[in-house]
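Architecture and fold: a report
Here are the chains, one letter per residue:
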Number of protein chains: 4
Amino acid sequence: MIVTLKTGVKKTEIDEVLAKIKELGFTPELSKGTEKIVIGVIGEGNRAIAYRNVFESMEQIETVTPISKPYKMVSREFKKTDTRIDFDGFSIGGKNIIVMAGPCSVDTRDNLLRVAKELKKMGAHILRGGAFKPRTSPYAFQGLGEEALRYLAEARKATGMPFVTEVMDTRQVELLERYADIYQVGARNAQNFELLKELGSSRKPVLLKRGMATTVEEWLMSAEYVVAKGNPNVILCERGIRTFETATRFTLDLNAVPVLKHLSHLPVFVDPSHGVGVRDYIAPMARAAIAAGADGIIVEVHPNPATALSDAHQALLPVHMAQLMKELRGIAAAVGREL
Amino acid sequence: MIVTLKTGVKKTEIDEVLAKIKELGFTPELSKGTEKIVIGVIGEGNRAIAYRNVFESMEQIETVTPISKPYKMVSREFKKTDTRIDFDGFSIGGKNIIVMAGPCSVDTRDNLLRVAKELKKMGAHILRGGAFKPRTSPYAFQGLGEEALRYLAEARKATGMPFVTEVMDTRQVELLERYADIYQVGARNAQNFELLKELGSSRKPVLLKRGMATTVEEWLMSAEYVVAKGNPNVILCERGIRTFETATRFTLDLNAVPVLKHLSHLPVFVDPSHGVGVRDYIAPMARAAIAAGADGIIVEVHPNPATALSDAHQALLPVHMAQLMKELRGIAAAVGREL
Amino acid sequence: MIVTLKTGVKKTEIDEVLAKIKELGFTPELSKGTEKIVIGVIGEGNRAIAYRNVFESMEQIETVTPISKPYKMVSREFKKTDTRIDFDGFSIGGKNIIVMAGPCSVDTRDNLLRVAKELKKMGAHILRGGAFKPRTSPYAFQGLGEEALRYLAEARKATGMPFVTEVMDTRQVELLERYADIYQVGARNAQNFELLKELGSSRKPVLLKRGMATTVEEWLMSAEYVVAKGNPNVILCERGIRTFETATRFTLDLNAVPVLKHLSHLPVFVDPSHGVGVRDYIAPMARAAIAAGADGIIVEVHPNPATALSDAHQALLPVHMAQLMKELRGIAAAVGREL
Amino acid sequence: MIVTLKTGVKKTEIDEVLAKIKELGFTPELSKGTEKIVIGVIGEGNRAIAYRNVFESMEQIETVTPISKPYKMVSREFKKTDTRIDFDGFSIGGKNIIVMAGPCSVDTRDNLLRVAKELKKMGAHILRGGAFKPRTSPYAFQGLGEEALRYLAEARKATGMPFVTEVMDTRQVELLERYADIYQVGARNAQNFELLKELGSSRKPVLLKRGMATTVEEWLMSAEYVVAKGNPNVILCERGIRTFETATRFTLDLNAVPVLKHLSHLPVFVDPSHGVGVRDYIAPMARAAIAAGADGIIVEVHPNPATALSDAHQALLPVHMAQLMKELRGIAAAVGREL
């Protein structure tokens, strides 16, 4: 950590900072530039960050610049090799591109089973479907709850595909632990720290979506919450950030893909359906995600969008999804991956 | 609700839309412009919004434009008069400007009692203090929990000031219901819908902070969750949004103050401490908040920032707070309010 | 255009609006919903937009919603087929992916000629190089001016590659018209309307970069300025927008690629170098751009970044560029294009 | 400037950095932390920034952190006392709050003279009015040009109020120099560096609006362009930034007011009309601007908004403006200023 002093500080004020650094068990290294005085706070990185606060509150200090990253266990520096999460027949985070697909929310047993079988046939790996839905409006459909979980389990049995479903509250964990294969944490809960801690006690993988205003660094801190509690199986999922642009529902930030692959060893997924929110733009962005280096995508597919109970306008029909799978195979090959 | 059809749609495609509108129990009104065909979906406002989905998923429809607002009970149209929340000796949402102040998180009993007494003396109305803290880092101080609540209760007894404290998880509600006077919902839980529903069952006021990427409309929808469940006592609190600017920690969006006063009958507060995150800028923004029409502010005050366990650099000293109270009295008078 | 009236307007206020609509030569169509009164303003689309103003200033009107798009000649509706810009040996906007590459700013004749020859060999089509540079700091290198243009012309002669260079001011147009093959309008001039009008009088193609806070709609309006003045050869170039994320220099918005291909017939390019600003992330984003449907990319390549006079950290070495060209060929093939 | 090396760099790579620092005439100061190696680049601040580039392009360097600010002459450190710009009878940047007001664009001589006289009577100091207008659409009214300037000069003669008008292009400077008292640089030209340099050669004050995605630091760099060229009379004017929020046209960033007063000695103005773009919200934000410490405001006032040719919905009527003047007097007094 480096602290920069305000211009014109007195000798006694400098000494105060030096004394405080030593008092906290660090070694100060003072550099006097022609304009500014800068003091390095040398010691074990993460420990210094805990004291950032103390320095920021000292009147003579202008800025505090951390040198170490605030996350540790999720960083590439902590673990050089890519994290792989193994399932029966495939792995997330390996050479293969993994496709999660299914309806936004589970509406009927028939629709779910039908789409699950079609997805299995076209080569998707994991079924998605919401049982509990975070809806902006209290008057909108809130999900079928446990009934949806039973249908998802039935679809799993019929197709062999594991399923991912959203958890919205710590009180839902016990129920979901019995049904789901992968927990999904939605954008609105990306910094619900109590929920993250709870999922850290599970051993099931957690698909952690980025919050709509979460920086890459904060997102990795959220992943750190899960990993630090004992669950190493976190999958990061970009799903669009809030920007000024309204031509798409959110701005899918594909830049985050190479950034995350550089900073972390965790698998990186992309959700183009929520990211752009317009059916016609989903396939191009799914292709771009794989070209940018993503390990997989999660896409909404519904056999009959006009009857869907949530986010129908961003659901692909099975026929479009089959076409997309074909395109993704070409992209995967071009970047040395397989699908 | 108004739907605009794609350019060049065929007669049969138009008829499909008209039929769907009638099928759902609405009346269609068709307007043929020189470039576009537009169809009004006439019927009870909120009910149409529930079907927005259906229209958005029809291939021949280009855009769906809602006319009614998606929130109802929190709107100024639903209730013309300002919501007032009465406490012993003062009201939130009336002529008086209300000041909530105290430490970011409760650290020691002594610090809390000391600052509470000073705040009381200078005319603050409500004590703030965190028992459970949402921290970006799993390695940072997470709050004293129930111990902090006991200290807050003690400070209340000593000063007569009610207190507001943050709730982060549905499982904390039972405990907090026994201690707190006002629930605070933090920015990271602004769309934690399970928590909002739970607080809708309480009768204690809820200080609902804006999420860092929550639009005014979404924020009012979150308030609607609480009110629709039966708790009318919601206080909206602007606390800064995420923008590209890094000179301040967040961009405190004071524009939201007149916007909310126009759209809703709920009281509007501003939190300049978290909004700007730099001690020197808090007082100017607090003054500006009242000048813009806010009903009150919530400010961090700590007797000794250098020993505080969270967000010390944005805490005012009691001496600064006393000066700010004086300035706010002048501003309040200039806008026809009292403090 | 549709106007929504405020709740509770009186009959005379409604009549005023109807009268104003007729006075301006449009036909009103009134719809009374259960909550709101909505009036369609029927007539030729663009003409109504010019009067938007008038309606917005009427006290009884709550919102004005345009139905027609504000741009015309650049829209896909105006011209269904893709615009192609032909050069000697290749076309922009056709089946082939076009690569523009070269140094950010031209520094020495030798560096430029050397890199131009290498780029030609690896299959790039157009040379880029700045003669006039928009620098945030008045103390930074501002470009070699006409000297750079002479070097660029020499490189063109040596390699047969046309060149693109930035124009920053209307007074530079006369000089650049004699040298350059393509004008580049930088992000900071994306809404410099005087400059756009001036370039509308040229017949040379204009590579129009998106401003860092320009919406897709505003960007198309800027293109409309050029096209409306008589120059149909506009190439749209996404180069990153300003968001809250700081892990990359800007947020390259690849979503804009399919959006623009849908809304407009103009060719769409992507500049990953400025978009991400970090060398390691350029190749993944260039690949993603082509996968998303871009017609080409513009990339910074410098033979010796450590001596470059601007933006060196985002320049690829020729060896990296050659590798990228290979990868792009694979992606192009996967999306049915050629390179 | 401080450079942080990548984890695991070799001794020879460290030596390369040290050698480069010395070669460029700086003194290196090396600190080995437990995780990272950090090297201070000691020497005259601004000179080091010019070489930032060189360090950023070295493969072994992870980050480059500037310590000195990139602007100099506009900084509070360069000049401690507030810049005051004197006019006949009042000063900008002194104890008095200064009010600039008038129509967005000059439409008719009568409207202008009428509003100018009313504004003079209510105590406004400077008349505003556009002769050249930056319009997003090429089909919108572009301003009356020199005719407007003649009307503005006539209004000045009639009222004694100097006037401010927008300059959009370097070629307009010669004409405006003959008429205008203050140049206005609009948001879309905030980084039009050729224009800024040109205005640096004038001695007339420049009202420099913030670009809609310009950081405070970049904005000060734009001011530095003008000042470095010899014109010290720059007035900074906040006018709203682009964010995700759509309830207001832009997000007026009042946080910038105390930030700028801290970082710079230049006067700070606020434009609430363009910032919020909705008539009802202008007065509250004007009051808030003064409460936050602004030196003045610029407001749109039009005697008959329904006939105005641009931005009518954000123009106040003279009667509203008179009311606002009264309110501002109260706020000014509360913060120790006068109006």
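Residues numbered from 1 in each chain as written. Chains lettered and ligands numbered in written order. Predicted model: local features only at pLDDT ≥ 70, side-chain atom pairs only at ≥ 80, totals over all residues.

Scanning chain A from terminus to terminus reveals twelve helices and 14 strands. Its C-alpha atoms give chain A principal-axis dimensions of roughly 75 × 45 × 40 Å. Looking at the 339 residues of chain A, the share that counts as buried comes to 60%. In chain A, once contacts between residues fewer than 6 apart in sequence are set aside, the share between residues at least 24 apart is 64%. (Helix = DSSP H or I, 4+ residues; strand = E, 2+ residues; numbered from the N terminus. Buried ≥ 20, exposed ≤ 12 C-beta atoms within 10 Å, placed from the backbone. Contact = placed C-beta atoms within 7 Å.)

Quick look at the interface of chain A and chain C now. Interfaces are often sized by the amount of accessible area the parts lose when they come together. With 34 residues of chain A at the contact, the number on the chain C side is 34 residues. Residue assignment for the side of chain A that touches chain C shows that the elements contributing at least two residues are helix H9 (256-263), helix H11 (279-291) and helix H12 (318-334) of chain A. For the side of chain A that touches chain C, the element with the highest residue contribution is H11(A), accounting for seven residues. Grouping the constituent residues of the side of chain A that touches chain C by class yields 20 nonpolar, nine polar and five charged. (Nonpolar A, V, L, I, M, F, W, Y, C, P; charged D, E, K, R; others polar.)

The next subject is the relation of the copies chain A and chain C. Both copies of the chain are related by a screw-like operation: a rotation about an axis and a shift along it. You can overlay chain A on chain C at an RMSD of 0.0 Å; the transform is a turn of 180 degrees with a shift of 0.0 Å along its axis. Here the transformation between the copies is reduced to the relation of a two-fold axis. No C-alpha of chain A approaches the rotation axis more nearly than that of Ala288(A), which lies at 2.1 Å. A high fraction, 100%, of the interface residues of chain A reappear at the interface in chain C, so the copies pair face to face through one surface. (Least-squares fit on C-alpha atoms with pLDDT ≥ 70 in both.)

This part takes up the interface of chain A and chain B. Across the boundary between the two partners, chain A contributes 39 residues, which contact 39 residues of chain B. Breaking the side of chain A that touches chain B down by element, the ones donating at least two residues are helix H2 (45-50), helix H3 (52-56), helix H7 (193-200) and helix H8 (216-228) of chain A. Here the element with the most residues in the side of chain A that touches chain B is H8(A); it accounts for five residues. Of the residues in the side of chain A that touches chain B, the class split is 19 nonpolar, eleven polar and nine charged.

This part covers the relation of the copies chain A and chain B. Each copy superposes on the other: chain A lies on chain B with an RMSD of 0.0 Å after a rotation of 180 degrees and an axial shift of 0.0 Å. Here 100% of the interface residues in chain A have copies in chain B that are interface residues too; the copies meet face to matching face.

With that out of the way, let us pick up the sheet that holds strand E2 (residues 27-32) of chain B. Paired through their backbone hydrogen bonds, the strands of a sheet run either parallel or antiparallel. Residue and element names in this part refer to chain B. Here we have four strands laid out as an open sheet, ordered E2-E3-E1-E4, and antiparallel in their pairing. The two strands at the open ends of the sheet, each matched to only one other strand, are E2 and strand E4 (61-65). In this sheet, adjacent strand axes meet at a mean angle of 20 degrees when their direction is disregarded. Sheet analysis places E2 next to strand E3 (residues 37-42), joined by six bridges and oriented antiparallel. From the neighbouring strand, Pro28 faces E3, where its bridge partner is Val41. Contacts from helix H1 (residues 11-23) reach strand E1 (2-5), E2, E3 and E4 within the one sheet, and its direction differs from that of E3 by about 10 degrees. (Pairing = 2+ DSSP bridges. Axes fitted to C-alpha atoms, helices over the stretch in contact; angles between N-to-C directions.)

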